[in-house]
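What follows is the residue order along each chain.
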Amino acid sequence: MKTVFFGAMRWLAAGLVAVFLWSLCAAAPLSSADPDAVWQAVTGAADLTHMQEGSNAMIRRLYGIDPSDYEACYLYYPASNMDADELLLVKLTDPAQSEALAQAAQARLATQKASFDGYGVAQYDLLTHHAAVEPAGNYFLLAVTANDAAVLAAFHSAL
Amino acid sequence: MSFSQLSFVFLFLPVCLLGYFLTPKQAKPFALLIFSLLFIAWGNPRDLVFIGGSVVFHYFSGLQVEHADRAGKKGLKKAVVITTVAADLLLLGFFKYYTFLWAQLAAVLPLPAAVSVPVAPVGVSFFTFSVLSYLLDVSAGRVKAQRSLWKLALYVCFFPKLVSGPIAAYEQMEAQLAAPALSRANVESGSRRFVVGLAKKVLLANTLNGFFAALTDPAAQPSVLGVWLAVFSYAFMLYFDFSGYSDMAIGLGRVFGYHLPENFRYPYLSGSVTDFWRRWHISLGAWFKNYVYIPLGGSRAGTARTVCNLAVVWLLTGLWHGANWTFVVWGLYHLALLLCEKFILRKPLAKTPGFVRGVFTFVLVILGWVFFFNPTLPAAGRMLAGAFGYHMPAVSNGSLYTLLSAGAWLAVAAVGCTPLPAKLGRAVTRRGGVWSGLATAAVFALLLAACIAGMMNDTFASFLYAQF
């Protein structure tokens, strides 16, 4: 009887993990959208006043990632030390890269928050309440902008 | 969350230590489990489902295996072990290898686009090997099945070792799970070890990473000198990155009263490639030896079988690091070197002076890293050819400039790979007395301050082995 119970419980656990995994896979299909078009949609929805375009070297410096490892990388970063607005769009060559990117993006946000904590109230608020780290299949977006909801909506509809 | 992030050092760790040491002794392991779960959730709450599900699955698998064994149901026991291992490999394979395998198949077959693979749970390669270790130890009768779900959860989720090991076999950890060896000496030595690891990562690995990135930048003018500088930078960076992480994990473990196995023993001083693999990522080597090589028959079933067993182990070792042909070739490269040493060069090597063997081994190992860090085989091939002057100028302005700026760091890194700094530290602490204590405290305070400055100045650089 015990053996049956143990067997049932282990398969229940395995089944729950499998269902959860399936739901994650179904939620994030791969996109064949052109990365330039996605970037245009994202930047079109954001207010770029407090941002400037970033180079590959800047992506490497701010996120510690190598843009050549990805299919495409785009960056708008703060225009000055007193700004916190930022947009990073990456098209992955392999969806598994999403993990390292999410880690790098969270670390970048943490660094920025530490910079503005107790110093720049508006910037800290922006980084706390208007920052989105959004992996979506083979795309990845980091958006720190007042209208982050609109940027996210534009991002998803462009995929 | 990475150990070298300010949020970990200044927020998570102090809160965790405070909570842990304020908790009554009996409840400390449970408190540590709670903090480990928080650590996982901090990175991605969804990972709790995968890791928690895996713990529950293996908890009942272990109990079922033991129960079937006691009841003499060998067929059932075998079936439970096989299905559990298969489920583990399926999950690991889906996260790590599915996209790669699908791409290989899609190249020859008319297949639809692969489904999107979600971000892999934190430390998936490491916790999968931990749970496999548990099941296989129970199945072999080396340990009893764990009756306490939370103790098994602590073994799997213990946050110092979760992300990048060391892969502690269940057999090694079982006795410690409910009874951590708490002492002031452990807290002191563990803290020192943590700071040493942090310094290896922040001061050395991250700095060398800057040189490596500059040397391998597609815009950089390639040269033989540049290639060798890149190879040296990467070799030292990888060592300080991963051994730094291991030091931090072992140090943290010790602070909490848990002994984690060593992962490195001055690998770049090895006298042969065989020796290198007894000193580099020791816990992974031990895992493959105990759970793959020996069960396959090891070296006791004749030469052909030994070669076959080694081939399986090195193919798996290569693939464990990632789904890419470069890792497969890297594994096979080491297999070839080990077979040469075992069957061809054993006698000549025994007669070769130790220093010559050491240099020869070091060069062979760092050339192997070329497959490790290049994204494709052609890129690795071009780099290896370039290292020996094929279609490449001897020097370039950029490589000369990097030599001048990186030379001192590479020299420091080379010394850091030897036991010299540790010997120096021990010489100071062994003297005892107030001055020795003050000197030790001052050195570690300075190291920590330098690390904090480095962490604030540097942008984020994740641990290299966290991606495997």
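Since the model is a prediction, treat every value here as computed from it, not as a measurement. All residue numbers refer to position in the chain's written sequence, counted from 1. By the order in which they are written, chains take letters starting at A while ligands take numbers starting at 1. For this predicted model, a pLDDT threshold of at least 70 governs which residues receive local features, and a threshold of 80 or more governs which side-chain atom pairs are given and counted, while totals over whole chains, interfaces and linings are taken from all residues.

1. Side note on the overall build of chain B
Each helix and strand counted, chain B has 21 helices and zero strands in total. Taking 23 Å as the expected radius of gyration for a compact globule of 468 residues, we find that chain B reaches 23 Å, a close match to that expectation. Counting other C-beta atoms within 10 Å of its own, a residue is labelled buried from 20 upward, exposed at 12 or fewer, and partly exposed in the gap between, with every C-beta atom placed from the backbone. A total of 468 residues make up chain B; the buried ones form 45% of that total. By definition, residues are in contact whenever their C-beta atoms, placed on the basis of the backbone, come within 7 Å of each other. Restricting to contacts in chain B with at least 6 residues of sequence separation, those with at least 24 account for 74%. Numbering of helices and strands starts at the N terminus; helices are DSSP runs of H or I of at least 4 residues and strands are runs of E of at least 2. Atoms considered for the radius of gyration are the C-alpha atoms alone. The globule rule reads 2.2 Å times the number of residues to the power 0.38.

2. Observations concerning the interface of chain B and chain A
For interface size, the figure often reported is the accessible area lost on association. In this complex, chain B contributes 36 residues to the contact, which on the side of chain A involves 40 residues. Among the elements that make up the side of chain B that touches chain A, the one with the highest residue count is helix 3 (residues 47-70) of chain B (eleven residues).

3. Considerations on the domain arrangement of chain B
All names here are of chain B. The domain limits used here are those given by an automatic or database domain assignment. Annotation of chain B at the domain level lists domain 1 (6-180) and domain 2 (186-457). With centres defined by C-alpha atoms, the gap from domain 1 to domain 2 works out at 26 Å. The partner domain 2 presents 23 residues to the 22 residues of domain 1 that form the contact. By residue number, the principal contributor to the side of domain 1 that touches domain 2 is helix 6 (residues 124-139), which donates five residues.

4. Focus on the sheet that holds strand 2 (residues 72-78) of chain A
Within a sheet, adjacent strands bond to each other through the backbone by hydrogen bonds, running parallel or antiparallel. Residue and element names in this part refer to chain A. Two strands are counted as paired when DSSP detects at least two bridges linking them. Taken in spatial order, the five strands make up an open sheet running 1-2-3-5-4, and their pairing is antiparallel. Each edge of the open sheet carries a strand with a single partner, namely strand 1 (51-53) and strand 4 (131-136). Sheet twist, expressed as the average angle between the axes of neighbouring strands with direction ignored, equals 10°. As judged from the three bridges shared by strand 1 and strand 2, these two strands associate in the antiparallel manner. Note on geometry: axes are lines fitted to C-alpha atoms, helical ones only across the stretch in contact, with angles between N-to-C directions running from 0 to 180 degrees.

5. Let's talk about the nonpolar core
Think of a nonpolar core as buried Ala, Val, Leu, Ile, Met, Phe, Trp, Tyr and Cys residues chained together by C-beta atoms that fall within 7 Å. By size, the foremost hydrophobic cluster in this structure holds 121 residues, and its most contacted members are Tyr155, Val156, Cys157, Leu208 and Phe236 of chain B. The element that contributes the greatest number of residues to this core is helix 11 (residues 224-255) of chain B, accounting for 20 residues. In this view, Leu208 of chain B contacts Ser233, Phe236, Met237, Phe240, Trp409 and Ala413 of chain B; residues no more than four positions away in its chain are not counted. Counting 42 residues, the second largest nonpolar core, distinct from the first, contains Leu88, Ala104, Leu127 and Ala131 of chain A.

6. A few points about the confidence of the model for chain A
Summing up the model confidence of chain A, the mean pLDDT is 86 and the portion of residues at 70 or higher is 97%. The element-level mean pLDDT for chain A is lowest in helix 1 (residues 2-27) of chain A, coming to 85, with strand 3 (residues 86-91) of chain A highest at 94. pLDDT is a residue-level measure of predictor confidence that goes from 0 to 100.

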